[in-house]
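# Structure assessment
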Amino acid sequence: MGSSYDGSTVAQNASTDDNISSEASEPPSDPAQKGFFGRLLSALTPTPEPSPDAQQAQAAAATATAGQLPGIANLRKLRVDDVAIPKVEIAAVPLDIGKDELVEVFRQQGFSRLPVYKGTLDHPQGLVLLKDMALQHGFGAGGRFSLKKLLRPILYAPPSMPLNVLLQKMQKERVHMALVIDEYGGVDGLVTIEDLIETVIGEIEDEHDEAEGALWKLEKPGVWLIQSTAPLDEVEAEIGQGLRIGEDDEDIDTLGGLVFLRTGRVPARGEIVPHESGVEFEIVDADPRRIKRLRLRLPEAATQAMTKSEG
């Protein structure tokens, strides 16, 4: 993937984008030609002007579901800390891990490379690649296992580094993962080359990603796996329960927007968000910019009523 991108291409595209931005400095006469932020501003300020609470609710829904639109300009506009996953979500292994335990971590996480640390994650030692592990100790190969001999270099980046600079550094060093280092030298997050490219071309699905298929799937009575972009009206009809409680909820169109409004931020994977109705939302998939999928659980009483009605 990385070989198809070079520094001259990034610089040329960025220069082209500067020209487009300067040509678009005059306000367009046709509303359809407005940029994303222009259309978003128009959507948030209809006539008559809505209340501040309604505007906040609309902005919350837009943030939770739309995220940052892809485009080459994002490489210049965004910084490393805009796309990095937080420290608490980093999957890493200690330097003294055994071979079987390392294989199990690779199996559970589904990643092709993992950071390796000594003592704590704030003392990184390098990267271990699944390919190196397989070639050296897989396919019936014997020999003494030494993780230290498998280590590859890892890049370090400050949170304020522009994405285009990090991308060029990754290309030059031929390293596809970087740790974000804070002002005290500790690890603050992690970013991969895939994260950078997704800001340009959008979400990348590979063979290890679960197919999302329909907007929701009933896992068992009272429990649904739902995409955050599912229309809230349709979700309410599916579960047989209303989720709009206050006036602010009337301006929310998607389930992800409703959850975002309750937290005031993008919740982390695994986080449980309660709802006033007794419904619980478990964040199944999310990144620092948007919610992707949720697990909705009805209250126990509602689940029992559903089970009886089906029986």
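Data block above holds the structure.
Notes on the structure in this doc start here. What you see as residue numbers is a count from 1 along each chain, following the sequence as written. Local features in a predicted model are, by the rule used here, given only for residues with pLDDT of at least 70; side-chain atom pairs are given and counted only at 80 or more, and totals for whole chains, interfaces and linings are based on all residues. With hydrogens and water excluded, all non-hydrogen atoms of the structure serve as input to the side-chain values.

## Considerations on the packing of helix α6 (residues 99-109) against helix α7 (residues 130-137)
One can describe the packing of α6 onto α7 by two numbers: an axis separation of 11 Å at closest approach and a directional angle of 140°. Relative to α7, the element α6 lies oblique. Crossing angle aside, the handedness with which α6 passes α7 is left-handed. Listed contacts from α7 to Lys 99, Leu 102, Val 103 and Phe 106 of α6 are Leu 130, Met 133 and His 137. Only C-alpha atoms enter the line fits that serve as axes; for helices the fit covers just the stretch in contact. Angles between N-to-C directions range over 0 to 180 degrees. Only DSSP runs of H or I covering at least 4 residues are called helices, and only runs of E covering at least 2 are called strands; the numbering of each starts at the N terminus. An angle below 35 degrees is read as roughly parallel, one above 145 as roughly antiparallel, one from 65 to 115 as roughly perpendicular, and any other as oblique. Helix crossings fall into two classes, left-handed where the near helix is turned counterclockwise from the far one by less than a right angle and right-handed where it is turned clockwise. Residue contacts are defined here by distance: any two heavy atoms, one from each residue, within 4.5 Å place the two residues in contact.

## Details of helix α11 (residues 232-239)
Categorising residues by exposure relies on relative accessible area from a 1.4 Å probe, with only protein chains included: less than 20% of the type maximum marks a residue as buried, more than 50% marks it as exposed, and the intermediate range marks it as partly exposed. Every buried residue of α11 is listed here: Leu 232, Val 235, Glu 236 and Ile 239. Down the axis of α11, the buried side of the element spans an arc of 100°, and every buried residue falls inside it. Exposed residues lying more than 90 degrees from the buried face of α11 are Asp 233 and Ala 237. The arc under discussion is defined with respect to the helix axis, by the directions toward the C-beta atoms.

## Observations regarding the sheet that holds strand β9 (residues 223-227)
Strand order in the open sheet formed by five strands is β8-β9-β12-β11-β10, and the pairing between neighbours is antiparallel. Of all strands in the sheet, those with a lone pairing partner are β8 (216-220) and β10 (272-274), marking the two edges. When the angles between neighbouring strand axes are averaged without regard to direction, this sheet yields 25°. Here, any two strands with at least 2 DSSP bridges between them count as paired. Direction of pairing for β9 relative to strand β12 (residues 291-297): antiparallel, over a ladder of five bridges. Among the inter-strand pairings, Trp 224 is bridged to a residue of β12, identified as Leu 296. Across the sheet, helix α12 (residues 255-263) lies against β9, β10, β11 (280-286) and β12, angled at about 85° from β12, the strand it touches most.

## As for the pattern of salt bridges
Take a side-chain nitrogen of Lys or Arg and a carboxyl oxygen of Asp or Glu: if they are within 4 Å of each other, that pair is a salt bridge. Throughout the structure, instances matching the rule amount to 13 salt bridges. Glu 282 is paired through a salt bridge with Arg 297; the nearest N and O atoms lie 2.8 Å apart. Highlighted residues: Glu 282 in strand β11 and Arg 297 in strand β12, separated in sequence by 15 residues. Salt bridges here are not isolated pairs; linked through shared partners, they connect Glu 219, Glu 282, Arg 295 and Arg 297.

## Digging into unusual backbone geometry
The phi dihedral of Arg 174 falls on the positive side, at around 55°, and the residue is not glycine. Looking at the secondary structure, you find Arg 174 in the loop between α9 (163-173) and β6 (177-181).

## Section: the pairing of strand β3 (residues 113-118)
As paired elements, strand β2 (residues 93-94) and β3 share two bridges and run parallel to each other. Each bridged residue has a counterpart across the sheet, and for Pro 94 the counterpart in β3 is Tyr 117. Judged from the six bridges that link them, β3 and strand β4 (residues 120-129) form a sheet pairing that is antiparallel. When the sheet's bridge partners are listed, Tyr 117 is paired in β4 with Pro 124.

## Notes on the sheet that holds β6
Spatially, β1-β7-β6-β5 is the arrangement adopted by the four strands of the open sheet, whose pairing is mixed. Edge positions in the open sheet fall to β1 (85-86) and β5 (155-157), since each of these has one partner strand only. One ladder, built from three bridges, connects β5 with β6; its direction is parallel. Residue pairing for β6: Tyr 156 is matched across the bridge by Leu 179. Packing against the sheet, α9 makes contact with β5, β6 and β7 (187-192), and its axis sits at approximately 165° to β5.

## Examining the packing of α9 against helix α10 (residues 193-201)
Closest axis-to-axis distance for the α9/α10 pair is 10 Å, and the angle between their directions is 130°. As the angle between them shows, α9 and α10 are arranged oblique. Helix-helix and strand crossings are classified by hand; for α9 and α10 the assignment is left-handed. Contact residues: α9 offers Leu 163, Leu 166, Leu 167 and Met 170, while α10 offers Ile 193, Leu 196 and Thr 199.

## Re the environment of Leu 127
Residue placement: Leu 127 occurs in strand β4. As a C-alpha pair, Leu 127 and Ala 178 span 51 residues in sequence and 9.8 Å in three-dimensional space.

## Let's talk about the nonpolar core
Side-chain atoms within 4.5 Å are what join buried Ala, Val, Leu, Ile, Met, Phe, Trp, Tyr and Cys residues into a set we call a nonpolar core. Counting residues in hydrophobic clusters, the biggest one holds 31 residues, and the most contacted among them are Val 80, Leu 166, Val 191 and Leu 196. Elements represented by at least two residues in this core include exactly α5 (80-83), β4, β5, α9, β6, β7 and α10. In terms of residues, this core owes the most to one element, β6, which gives five residues. The residues contacting Val 191, other than those within four sequence positions of it, are Val 80, Val 83, Ala 84, Leu 166, Met 170, His 176, Met 177, Ala 178 and Leu 196. Judged by nonpolar contacts, the second largest core, of 20 residues, contains Phe 281, Ile 283, Ala 286 and Ile 291.

The analysis is restricted to geometry; functional conclusions fall outside its scope.
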